[in-house]
Amino acid sequence: IYKERAQKIADKSLELQIPTGELQGGFLRGFDTKHLVIPWYDALTAVCYENIASIIGHQKYEESATETTAFLKNTISNKGLVHWFIKKDTWKKVNEPYLIAPAGCVLSLFHRKKVKTNANLLDTQQKNGAFPLASWYQDYRKIPNLGWNQFMLMYLTEQAKKKVKVTTKQEEITIKEDEKVV
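Residues numbered from 1 in each chain as written. Predicted model: local features only at pLDDT ≥ 70, side-chain atom pairs only at ≥ 80, totals over all residues. Heavy atoms only, no water.

**Observations concerning the overall build of the chain**
In terms of regular secondary structure, the chain is built from 5 helices and 8 strands. Moving toward the C terminus, one meets the helices and strands of the chain in the order α-β-α-α-β-β-β-β-α-α-β-β-β. Taking all 182 residues of the chain together, 38% fall into the buried category. Within the chain, counting contacts between residues at least 6 apart in sequence, those at least 24 apart form 57% of the total. Here the chain displays about 11,700 Å² of accessible surface, and carbon together with sulfur accounts for 53% of that area. (Helix = DSSP H or I, 4+ residues; strand = E, 2+ residues; numbered from the N terminus. Buried < 20%, exposed > 50% of the residue type's maximum accessible area, 1.4 Å probe, protein only. Contact = heavy atoms within 4.5 Å. Areas by Shrake-Rupley, 256 points an atom, 1.4 Å probe, with all protein chains shown as cover.)

**Quick look at the packing of aromatic side chains**
In the structure shown here, the tally under the stated rule is 6 aromatic pairs. Here the aromatic rings of Trp40 and Tyr41 are separated by 5.0 Å at their centres, their planes lie at 70 degrees, and the arrangement is edge-to-face. For Trp40, a relative accessible area of 10% gives the class buried. You can call Tyr41 partly exposed: its relative accessible area is 30%. Pairwise contacts between aromatic rings join Trp40, Tyr41, Trp148 and Phe151 into one cluster. (Phe/Tyr/Trp six-rings, centres within 6.5 Å; stacked < 30°, edge-to-face > 60°.)

**Let's talk about unusual backbone geometry**
Phi is positive for Lys114, close to 60 degrees, though the residue is something other than glycine. Position of Lys114 among the secondary structure elements: in the loop between α4 (103-113) and α5 (146-163). Residue Lys114 is classed as exposed on the basis of its relative accessible area, which comes to 73%.

What follows is the structure, encoded as structure tokens:
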């Protein structure tokens, strides 16, 4: 039942993907909201399409995730992730504030799709370990929260997992990092 329900919402969501133009591969924000595109929502959708493609095997989901990844490459920089795109007569990119913590889901998608980016947001990490929600804000929105930091945590743990090899022998566990025993 989960597979059928996932496919139903995935197919409905495909109707919201922008097929052409400068935002090709992005998604309209909602089933009834046709004037907003929010890049970190798009990254989450693409990750879900990667998951469903691995379960069901339909090429349309993998193609959608690939198109979204191509779109997202132009939305992230060392400043952070473009906040959103809004349509009045034409699409307008709203940069400020650049999002930082939510950018983790885009970086995670890039990791999964093996896409290289020059965006380095790791230097924005605060002494307490959290990432700010966004740049430019001078009010409460600059204060980190757990929900949005989970996206950066997702990316960082994927990177750490890639660098750490775990092998087991009987009851002994050896962890190797970059071929050095830790």
